[in-house]
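Take a look at the letters that make up each chain.
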Amino acid sequence: MAIDTGSDVTWLQCRPCVSCYPQSDPIFNPAASATYKPLACSSRQCAALDVATCFRGSCLYEVSYGDGSYTIGNFATETISFGSSGSVAGVAIGCGHDNEGLFSGSAGLLGLGGGLLSLPSQIQATSFSYCLVNRDSSSSSTLEFNSTEPADSVVAPMLTNSRMDTFYYVGLTGISVGGRALNVRPRQFAIGRRGSGGVIVDSGTTVTRFPTAVYSELRDAFRSMSRNLRFAGGFSLMDTCYDLSSVSRARVPTMSFQFAGGKTLPLQPRNYLIPVDNRGKHCFAFAATTGSMSIIGNVQQEGTRVSYNLAKKYIAFSPNKC
């Protein structure tokens, strides 16, 4: 399963498939489950969906994502088991019969957002945490509920946006490159009065996105301190890449995020300069967005245990605590 803190609905690929990912991926067969129960159109869970319709008395869901991916199917309840830690009955999930986009390789998605239909909300978790392994790793990432974050974590306040309950907003106040603070104002990271802007932590977004003015300041500072590296144009969303094929060890500027309360989270080079081919091309893993919202993506979270304390409203970052 892919874990996504930027959405709420948990769904699985389901038989019968109109369109499913390759058959080698696990595909759930609801007919083989004694605890699978379709939800009625009149159910509160169906009413909580952003997009829903009714077919022969059963609730159908549809969820679309920012990259164009989507899933459509039946909305139902099922018993969710957590290894030997127990199980929870009656959890609303999507049984996806038509799944299109960039989820190939996973059996579905765990919605870990802050809305009523998210998995943490439904199982009444007071906290959860995960540690994302490198995308080339053969190991699985880990996900824990109701665990305590490491004592030396960098703790940042979790902010509330009254217009958006799904996203987890964090109090980012600044960014440093090479030990120098960028010339960006804290208000460029603030949540607007109408719910626009702000900074969210999203495990479902790959590279970190900043509004154009902030990104330009960040990119230019990094480029100016990386003139020792061979520039290699851009790749996909990323416009700053380097050819490191001829070097065994590259010197790159340091980077860190500053959070409200004076806490600083240093990033490792693997969190901001990533390989994009097998020929030594590495790219600066940030991109601009035309919107006002900033997104801390999963590349910047790799190798760090990220803990969401839902009861006390903070997010904790614990590098190398996986």
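Residues numbered from 1 in each chain as written. Predicted model: local features only at pLDDT ≥ 70, side-chain atom pairs only at ≥ 80, totals over all residues. Heavy atoms only, no water.

1. What about the UniProt feature "active site" (unreviewed entry) in the chain?
Here's step 1: On the UniProt side, "active site" (unreviewed entry) is annotated at positions that read D4 and D202 here. The annotated residues occupy 199 residues of the chain but converge on a single region, no pair of C-alpha atoms lying more than 6.8 Å apart.
Here's step 2: Note that D4 resides in strand 1 (residues 2–4).
Here's step 3: Here D4 is in contact with Y65, L109, L110, G111, L112, G113, D202, S203 and G204, once residues within four sequence places are set aside.
Here's step 4: One polar contact links D4 to S7, side chain to side chain, over a distance of 2.7 Å.
Here's step 5: When you line up the elements, D202 lands in the loop between strand 15 (199–201) and strand 16 (208–211).
Here's step 6: A relative accessible area of 7% means that D202 is categorised as buried.
Here's step 7: Contacts of D202, omitting those with residues within four sequence positions, involve D4, T5, G6, I295, I296, G297, N298 and Q301. (UniProt positions renumbered as here; feature names shortened; annotations may be inferred. Helix = DSSP H or I, 4+ residues; strand = E, 2+ residues; numbered from the N terminus. Contact = heavy atoms within 4.5 Å. Polar contact = N/O pair within 3.5 Å; in protein donor to acceptor, adjacent residues only side chain to side chain. Buried < 20%, exposed > 50% of the residue type's maximum accessible area, 1.4 Å probe, protein only.)

2. As for the sheet that holds strand 13 (residues 172–177)
Here's step 1: The sheet built from four strands is open, its strands ordered 14-13-19-20 with antiparallel pairing. Taken across any chain shown, the strands that pair with only one partner, and hence form the sheet edges, are strand 14 (180–181) and strand 20 (263–267).
Here's step 2: Both strand 19 (residues 255–259) and strand 20 contribute to a ladder of five bridges, which runs antiparallel. Opposite F259, over in strand 20, you have K263 as the bridge partner. (Pairing = 2+ DSSP bridges.)

3. Some thoughts on the pairing of strand 6 (residues 70–81)
Here's step 1: In the sheet, strand 3 (residues 37–38) pairs with strand 6 via two bridges, with the strands oriented antiparallel. Bridge assignment links K37 to a residue of strand 6, and that residue is T77.
Here's step 2: Here strand 5 (residues 58–64) pairs with strand 6 via five bridges, running antiparallel. Across the sheet, residue E62 finds its bridge partner in strand 6, namely I72.
Here's step 3: Hairpin connection from strand 5 to strand 6: five residues lie between these consecutive antiparallel strands, with G68 at a positive phi of about 95 degrees.

4. Thoughts on the pairing of strand 7 (residues 87–100)
Here's step 1: In the sheet, strand 2 (residues 11–13) pairs with strand 7 via three bridges, with the strands oriented parallel. Directly across from W11, in strand 7, lies its bridge partner G94.
Here's step 2: In the sheet, strand 6 pairs with strand 7 via eleven bridges, with the strands oriented antiparallel. Each residue of the ladder has a partner; that of Y70, found in strand 7, is E100.
Here's step 3: Adjacent in sequence and paired antiparallel, strand 6 and strand 7 are bridged by five residues, among which G83 carries a positive phi angle near 55 degrees.

5. Overview of the sheet that holds strand 17 (residues 230–231)
Here's step 1: Strand order in the open sheet formed by four strands is 17-18-22-21, and the pairing between neighbours is antiparallel. Here the strands that pair on one side only, and so sit at the sheet edges, are strand 17 and strand 21 (273–275).
Here's step 2: Relative to strand 22 (residues 281–284), strand 21 runs antiparallel, the two sharing three bridges. Directly across from L273, in strand 22, lies its bridge partner F284.

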